[in-house]
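Each chain, letter by letter, is given below.
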Amino acid sequence: MKKIIWAIFCILLISPGCKKVITEVPYSFLTPQNFPTSADEADAALIACYTTLKGPDGYGTWEYVGGLWMNAQNDVTFTFSGWAGFTSPTHGFEEDWWADFWRGINAANNLIAALEMRDATKDTWVIEKLAEARAIRAYFYHDLATLYGDLPFRTKPTTEIALKLPRTPVQVIYDSIIIPDLEFADGKLPVRASPAARISAGAVKCIKADVYMKLAGWRRSSQGEMVPGDPKYWALARDAAAGVLKMEDDGVYALDPEYSGVFTKLSTDQPTNEVIFDLEFTKGSRAGSLFPYMYGAEGGADPDKGGGQNSLRVIPEWLRTQDNRDERFKWNIADYAIYEGWERTPLPGDTTSWGIATFQKIYPSKGYWQTNVTNFPFYRLSEAKLMYAEAANEANGGPTPEAYKQINEVRYRARPAAHKTDGTILPDLAGLNQQQFREAIMNERSMEFIMEGKRRLDLIRWGIFKQKIESLKLFEADLASVGGFNERFYLWSLPVGDMTQNEWQNNAGF
Amino acid sequence: MKQIRLLLFLSLLLCVSAAGYTQAQGTEATVRGMISDEEGNPVSGVNISVKNLQNRQTVSDEAGKFSIVASRGSTLVFSHVSFTTKELRITGTGDVVNLRLERSRSSMDEVVVVGYGSMKRKDLTGSVATVKAKDIVKSTDASLNTALQGRAAGVSVVSTEGMPGAAVSIYVRAGSSITASNDPLYIIDGFPSLGGSNLNLNINDIESVEILKDASATAIYGARGANGVIIITTKSGKTGKFSVEYDGYYAIQQLGRKLPVMNSLQYAEFQHYISANPRNSSIGDSLWYNWPTYKDSSSTNWQNELYRLAGMHSHNISFTGGNADIKVAGSVSALNQDGIALATSFDRYTARLNTIANINKFITNSTTISLSYQQRNGESLTGEGGLAYSAVRGSPYRPAGINLNDYLISHGIPPGGNDGVDPTVDLLEPDVKDIEYFGALNTSFNIRLAEGLNLKIAGGMNYSNSLYNSFYGVNTSQGALALGDATKNNYLYVGLLNENTLSYSKTFGLSKIDAVVGYSLQRSTNTFTYTGSRNFAIEALGYNNLAMGSLFSAPESGKSVEGLESYFGRVQYAFSDRYIITGTMRADGSSKFPIHKWGYFPSGGIAWKVNDEKFMKQIPSVSTLKFRVTYGLTGNESVSPYSTYTSYGPTPRRSVQGDAVVVGVMPTRLGSTELKWETTIQTNVGIDLGILKDRILITADAYHKKSKDLLLNAPLSTYSGFNSVTRNIGDIEVRGMELALNTINLNGRFRWSTNFNISFNKSKVLRLNENQDHFYIGVLPSFSSMYIVKVGENLGSMFGYVYDGLINNQEELAAAPIHDAIPVKVGTRKYKDISGPDGKPDGVVDANDRMLIGNGNPKFFGGFSNDFSFKGFEFSFLFTYSYGNDVLNAYKSLFPAATPFHGGPVTMFNRWTPENPQINNQRWDAQYNAEYENVSSYMVEDGSYLRLKNIQLAYNVNTDWLKKIHVQRIRVYATAQNLLTFTRYTGYDPEVSYFNSLITPGTDLGGYPRSKVYTFGLNVTF
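These numbers come from a predicted model, not from an experiment.

About the cut-offs
Residues numbered from 1 in each chain as written. Chains lettered and ligands numbered in written order. Predicted model: local features only at pLDDT ≥ 70, side-chain atom pairs only at ≥ 80, totals over all residues. Helix = DSSP H or I, 4+ residues; strand = E, 2+ residues; numbered from the N terminus. Rg over C-alpha atoms; globule rule 2.2 N^0.38 Å. Buried ≥ 20, exposed ≤ 12 C-beta atoms within 10 Å, placed from the backbone. Contact = placed C-beta atoms within 7 Å. Pairing = 2+ DSSP bridges. Axes fitted to C-alpha atoms, helices over the stretch in contact; angles between N-to-C directions. Parallel < 35°, antiparallel > 145°, perpendicular 65-115°, else oblique. Left-handed = near helix turned anticlockwise from the far one by under 90°. Nonpolar A, V, L, I, M, F, W, Y, C, P; charged D, E, K, R; others polar. Core = buried A, V, L, I, M, F, W, Y, C linked by C-beta atoms within 7 Å. pLDDT = per-residue confidence, 0-100.

Asks: How should I be thinking about the overall build of chain B in this particular structure?
Replies: What chain B contains, in helices and strands, is 14 helices and 54 strands. Computed over the C-alpha atoms, the radius of gyration of chain B is 32 Å, within 12% of the 31 Å expected from 2.2 N^0.38 for a compact globule of 1022 residues. When its C-alpha atoms are laid out on the principal axes, chain B stretches across 105 × 70 × 65 Å. In chain B, buried positions account for 49% of the 1022 residues.

Asks: Hey, could you run me through the overall build of chain A in this one?
Replies: Looking only at helices and strands, chain A features 21 helices and 10 strands. For chain A, with 510 residues in total, the buried portion stands at 52%. Within chain A, contacts between residues separated by at least 24 positions form 69% of all contacts whose residues are at least 6 apart in sequence.

Asks: I would appreciate a short explanation of the sheet that holds strand E13 (residues 185-188) of chain B in the present structure.
Replies: Residue and element names in this part refer to chain B. One open sheet accounts for 5 strands, arranged E10-E15-E16-E13-E14; its pairing is mixed. Only two strands of the sheet have a single neighbouring strand rather than two, namely strand E10 (128-132) and strand E14 (191-192). In this structure, strand E15 (residues 206-212) lies alongside strand E16 (residues 229-234), joined through 6 bridges in antiparallel fashion. Looking at E16, one finds that Ile206 is bridged to Thr234.

Asks: What is the right way to look at the packing of helix H8 (residues 170-185) of chain A against helix H9 (residues 201-216) of chain A in this model?
Replies: Residue and element names in this part refer to chain A. At a minimum axis distance of 9 Å, the contact between H8 and H9 shows a crossing angle of 150°. Relative to H9, the element H8 lies roughly antiparallel. Crossing geometry of H8 relative to H9 is assigned as left-handed. Residues Tyr174, Ile178, Leu182 and Ala185 of H8 touch H9, and the partners they reach there are Val204, Ile207, Lys208, Val211 and Leu215. Broken down by class, the residue content of the contact of H8 with H9 amounts to 8 nonpolar, no polar and 1 charged.

Asks: Help me understand the sheet that holds strand E50 (residues 940-942) of chain B, please; the structure alone is not making it clear to me.
Replies: Each strand in a sheet pairs with its neighbour through backbone hydrogen bonds, running either in the same direction (parallel) or in the opposite one (antiparallel). All names here are of chain B. Read from one edge to the other, the open sheet built from 3 strands follows the order E50-E49-E53, with strand pairing classed as mixed. Each having just a single partner strand, E50 and strand E53 (1003-1004) make up the two edges of the open sheet. Across 3 bridges, the pairing between strand E49 (residues 886-889) and E50 is antiparallel. By the bridge assignment, Val887 is partnered in E50 with Glu941.

Asks: Can you walk me through the nonpolar core in this structure?
Replies: It is characteristic of soluble globular proteins that their nonpolar side chains tend to be buried jointly. Residues and elements named next belong to chain A. Counting 139 residues, the largest nonpolar core has Leu111, Ala135, Tyr212, Ala237, Ala241, Ile276 and Ala384 as the members making the most contacts within it. Ranked by the residues each element gives to this core, the list is headed by helix H7 (residues 126-148), at 13 residues. Not counting the four nearest positions on each side in its chain, Ala135 is found in contact with Asp181, Leu182, Ala185, Leu189, Ile199, Val204 and Ile207.

Asks: What am I meant to see in the interface of chain B and chain A here?
Replies: The figure often quoted for interface size is the accessible area lost as the parts come together. The interface is formed by 72 residues belonging to chain B together with 68 residues belonging to chain A. With 8 residues, strand E27 (residues 556-575) of chain B is the single largest residue contributor to the side of chain B that touches chain A. Grouping the amino acids of the side of chain B that touches chain A by side-chain chemistry returns 36 nonpolar, 25 polar and 11 charged.

Asks: Explain the confidence of the model for chain A to me, please; I cannot follow it from the model alone.
Replies: Interpreting fine coordinate detail is not advised for predicted regions of low pLDDT. All names here are of chain A. Summing up the model confidence of chain A, the mean pLDDT is 86 and the portion of residues at 70 or higher is 84%. Predicted confidence in chain A is weakest over strand E8 (residues 343-346), with a mean pLDDT of 53, and strongest over helix H15 (residues 381-395), with 98. Confidence drops under a pLDDT of 50 for residues 299-306, and excluding neighbours within four residues, the segment shows 22 contacts in the predicted structure.

Asks: Before we go on, may I ask you to explain the pairing of strand E35 (residues 678-691) of chain B in this structure?
Replies: Working note: regular strand, side chains alternate between the two faces of the sheet. All names here are of chain B. Both strand E30 (residues 622-636) and E35 contribute to a ladder of 14 bridges, which runs antiparallel. Across the sheet, Leu633 pairs through a bridge with Ile681, a residue of E35. Both E35 and strand E36 (residues 696-715) contribute to a ladder of 13 bridges, which runs antiparallel. Following the sheet pairing, Ile687 is matched in E36 by Ala700. Where E35 folds back on E36, the antiparallel hairpin that results is connected by 4 residues, among which Leu692 adopts a positive phi of roughly 55°.

Asks: Is there a simple way to explain the packing of helix H6 (residues 93-116) of chain A against H7(A) in this structure?
Replies: For any two helices packed against each other, the geometry is given by the interaxial angle and the distance between the axes. Residue and element names in this part refer to chain A. Running from amino to carboxyl end, H6 crosses H7 at an angle of 155°, the nearest separation of the two axes being 9 Å. In terms of axis orientation, H6 runs roughly antiparallel to H7. In this structure, H6 crosses over H7, and the sense of that crossing is left-handed. Here Trp98, Phe101, Gly104, Ile105, Ala108, Asn109, Leu111, Ile112 and Leu115 of H6 come into contact with H7, specifically with Val126, Lys129, Leu130, Ala133, Arg134, Ile136, Arg137, Phe140, Tyr141, Asp143, Leu144 and Tyr148. Counted by class, the contact of H6 with H7 contains 15 nonpolar, 2 polar and 4 charged residues.

Asks: Explain helix H11 (residues 259-267) of chain A to me, please; I cannot follow it from the model alone.
Replies: Residue and element names in this part refer to chain A. All of the buried residues along H11 are Tyr259, Val262, Phe263, Lys265, Leu266 and Ser267. Those residues of H11 that are buried are in contact with strand E4 (275-279), helix H14 (327-332), strand E10 (376-380) and helix H16 (401-414). Asp269 sits one or two positions beyond H11 and adopts a positive phi of about 65°.

Asks: Can you walk me through unusual backbone geometry in this structure?
Replies: Residues other than glycine predominantly adopt negative phi, and peptide bonds predominantly adopt the trans conformation. All names here are of chain A. Residue Pro36 is bonded to the preceding Phe35 through a cis peptide linkage, with omega at -10°. Tracing the chain through its elements places Pro36 in the loop between helix H2 (18-21) and helix H3 (39-51). Here the amide bond leading from Ser194 into Pro195 is cis, since omega sits at -5°, within 30 degrees of zero. Structurally, Pro195 is set in the loop between H8 and H9.

Asks: Would you mind going over the environment of B:Ala515 with me for this structure?
Replies: Residues and elements named next belong to chain B. Within the element layout of this structure, Ala515 appears in strand E25 (residues 511-536). Remark: the alpha-carbon pair of Ala515 and Lys138, spanning 377 residues in sequence, is separated by 37 Å. In this structure Ala515 touches Ser503, Tyr504, Arg570 and Val571, once residues within four positions along its chain are discounted.

Asks: Would you mind showing me how to read the environment of A:Asp75 here?
Replies: All names here are of chain A. Along the chain, Asp75 turns up in the loop between helix H4 (61-71) and strand E1 (77-79). With 23 C-beta atoms counted inside 10 Å, the residue Asp75 sits in the buried group. Residues in contact with Asp75, not counting those within four places in the same chain, are Ile315, Trp318, Leu459, Lys468, Ile469 and Leu472.

Asks: Would you take a moment to explain the environment of B:Gln478 for this structure?
Replies: All names here are of chain B. Here Gln478 shows up in helix H11 (residues 477-480). The partly exposed category is assigned to Gln478, around which 17 C-beta atoms lie within 10 Å. Put simply, Gln478 and Arg695 are 217 residues apart on the chain and 59 Å apart in space, counted from C-alpha to C-alpha. If sequence neighbours within four positions are ignored, Gln478 has contacts with Pro430, Tyr472 and Asp485.

Asks: Where do I start with the confidence of the model for chain B in this structure?
Replies: Residues and elements named next belong to chain B. Of the residues in chain B, 91% reach a pLDDT of 70 or more, and the chain-wide mean stands at 86. The model gives residues 1-26 a pLDDT under 50, and that stretch makes 41 contacts with residues more than four places away or in other chains. We note a pTM of 0.85 for the whole complex and an ipTM of 0.91 for its interfaces.

In structure tokens:
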């Protein structure tokens, strides 16, 4: 018996540190319990939010490209899959966009919750980071609201392992999340032009202007109705844009002297004071960009050879209304195909195969696509100018001198060098009534932002989407093949998984 | 006691203790004698020990003679593998004992290793299968797992493909899980091992393999027992003369089956046709419009270029010997196997040393050191456009070894097509090496505390370092775009174990108690590093100098540590040797679960040995009749560590500001702190029936397993910022039956025995996430998902459209349902319109029309073997079979695609034309190739097979002449593996599993074909 007791004693003796053995210690990841704890860590968390737009992994930028693709079906450009691409129940892209934006919102919510726990009187850095996190959240919500309509209301980090929420009406999302977030952020962020990868003081104002523009104009509700905007937002939009223009006066932002200059700089990682907020890429593994490949002129599928897929094309009827001496025409419109070695082969006169080369002019001639550095702009100073001009025209019942000044600066920049002074091409606008000025803005935006994913959403907020699309000869056959203009062209479909799990009604038309 | 404590300390430090010698003392006399078999021939190698004196033993010599010191009244035990163990009481001093041993006929008398102990098979309550060394060494495959195929009921062996060193998995009773691992727990000499394919083991070192199947047997391993336990026992030293054995063989491997492919003329006809019908401008006109000129050109069959006759040789030297105080066994081995595909090979070197030392009267130490190095070389053949695909579809008109575009230009043909890289280049040029270093050191002290009471203190360490290196130069398909692509990945595993058990065995009158209790603590650490670079201006150094590349891949690294603390025990009580009851219990605490840290796994079993009842004496022909019933809980802890944490990590795509890459950190995974073990409840009923002194022995078992709380990725609304979260939400059940029949048909000079086993099992999904009755799994790039896990259905279900033949004419075209993605036309495939959005056929083939189209798991499988021996000759063969398993032959859809610049199987010529209406081969139409993306019953084939897995003829040279050259024994043998296969499967090999998992079984995506192997071997014992 003594021996047995000894044995048991021995067993106990040699069993040290058991608690430690079965307690898990993380080594290669951080947790909400220990992150973020400093301004630098908060910066890392903020930076990550922007990167969610690049998708979860691998060919992630396809997703962003794909989303742009959806918006590129409008009265200026069209995609080779046409309107049929909009009528199938899923396109793939909208599920990815939805997931990416929400990943960003959850990342922002995590950071916001962590920062709000801290004592801002002691940690003085907290307020600025909190402002940026809320601005990011507002931007993501704003994009989601314009694309998908009513949304679930999420302002706290996700901890639930099962979720079932209703959709909250868009107006509530704006009133309770987007506008308070932007108002909080405005004035608390650093003034910064380049790099524009993070939301700065100017970017907040731009987002605010954009938000108010959308609220002032028409929107399509999830229930399938055209909802008129509230004109009170025009003045707010104008004032927000004016805030950006003030920063131009202060020397923070400036139009690049050449339209081509902006895109050359965006394509070569050079700083430019025109870009206010963008998505940035650079050389390196999983850091490169894919836009040029998707949206360049035709040159076979091999990015190695400098060609793109020419998957976006210009609508000839629109192009005929444009002055082909416009610097933007020359830069944007690809009337050629690129084959190996930068040889430009002019395409035949069939203009429906003309593509858009905005991001394709500067492209490394050899190498992996991940060596492509092209940044994609969300807001440029020229948009702040045109937003100001449009909002002022609406708020004041007609164009103001300042509105003329802003639109004419954009036009001046697009003039060929030989005509900068004589003004025979893209002459300064003057003497327009409110409607004429409105139409001038619509036209100006069409060429200025041809490849920046703005047009379809512009048409919707102007309330002319259906009318414009139906008026184009090019689309006649295409529309007929899908049974005419479809409700599905307005808002995107919700992801099937989220719909079934939450028992949501999809957007009207689906 | 001081000594014991010191030793405990040493074991903790994992030191090998120097063995001390203490001679047994006593007033005893020497017992001498001679041992013979039934025919009167002397038997050497019989182990003779004095009962209850652990370190008193000897071995009979070649003349069958022995001598041992024993006191009067003590009992001598005579044991030998081939003979029934005999006990003899010494009645006087100085006895001379001449003993005749009976050849053991019954495996019921054999000792079976079970968890934390061993017992005679006839005393088992649980279900345990055994595979012996003599059967294992017949296999010439590098993996032990392959050697077990067909040898035991309830054990299925699944390999991904036939590549040398390919992964081979064992599933015991169809596993227990859906997405967590279904791999059994592997225990080598009492120490948990890395398992997997067991490629680091030299099969010549193995004494026996026990497969623990039911809960009564596996519950002692608690949270790791649900998928069965495989106990591998290696050879240990035996008392007796030192002997050295050499075993070596040379083998030739050959592609088992070649698919007939088109020659140049047929190729030209094919290309000519598809370029013109309809006009396809992507194919140069000048080439294909004068195709008859090709009739003079030579044809390349790429199967001949990519596959070869491959050699393989193996050398193994093992030694064993010892005296009463110290026994040693060891081995060194080398295996070099070339694969049948160019530039593929597998090399392995192992070394092993086992010592058993009696330190004093009470303490024995056993220590094993094993080391291995293995290296897998060469490129995989698998994949949608993989090399196995190129072997069939490569253009036959071009000779191997030259660049296609150069060839085209030299023939005045414009270059083009995406088949530009010569497939032989893609095999020969890449430098791919997958290396593993493995080492294990295990030591245990067995301390006899009292009569029948033993304390065992064991410690062990396992170490494994895997290095994956690859370099694809710019000439290879994979390296072309990246301008040279190098990868270097490093995985390191270190496992530590301390395990202490106290065992007790005692007989009180008619009662016998065997008990063991124990405590175990283990901890393992995994780290990994991934690095790589691209864009190599100078390729000469490959992956050995990554800095020669100008574009670096983002490095990744990680570390995880997991720990397990356990208390366990087993009590077996036998009354009158007829009624046996066993109870086991294990409590496991895991680092992986913060809240539900501890799991408790009890089990119980009863057995009734009817044959020992008095009333059975009237039926003397029944030598064994035993009923067994067991019930118990086991677990599966194969959840990744840290699954309960919500974690932050770097963004998958890099964050950029200006021209700088900056690090962004975001939530990457949502954790659920509520996670716990998967639990399996298993009931087993079994019967052992032996007739005619067990010359006919039948073991049958039926079982039911219900696994609950299975860990699944529950889909989560993506607005959460995540796609899914791991939860305990699934239930499945497995029902099965197993039958093993072992007979000794002839037992004289001509000996003939037969083993047959068959296993049936079926696993059904009972429950998934709420609001979810199915999910899809098994996705390949160009295909939609191939498998479905669905409530009420079996695991392994294939899912897709139902193939409905070809559209033969305009009327059929008009009647055919339209397809949501692909335009149908005359001569193309059609699918059944099963349903629609409203649950009714709607004239459209879309997602609503996909249904179950097959199952990759067999209805039954097993093995059938026969062993014959006559004088020095031995002959044996093993058939393995599988029935009712489907194979999803992805290449069946890929092969007939009418693609420019590709050849194909010659069967493509029997295609649909208006004059040749049919149901199988669609028209040639280059615009109708996207169709292959659809998973449909067209791709599903019957994968049932009967395979002559192994056939061996051996001769044992046994003449007096050998003694003169100091050789004990010479054995020569010839073996053929996979010699014959009977199957209706049209691909290379029905034994294929691309995904290597029980829920996605039987996908053929160009797996490396399994070869026929002819082996010639020599075995010499000195």
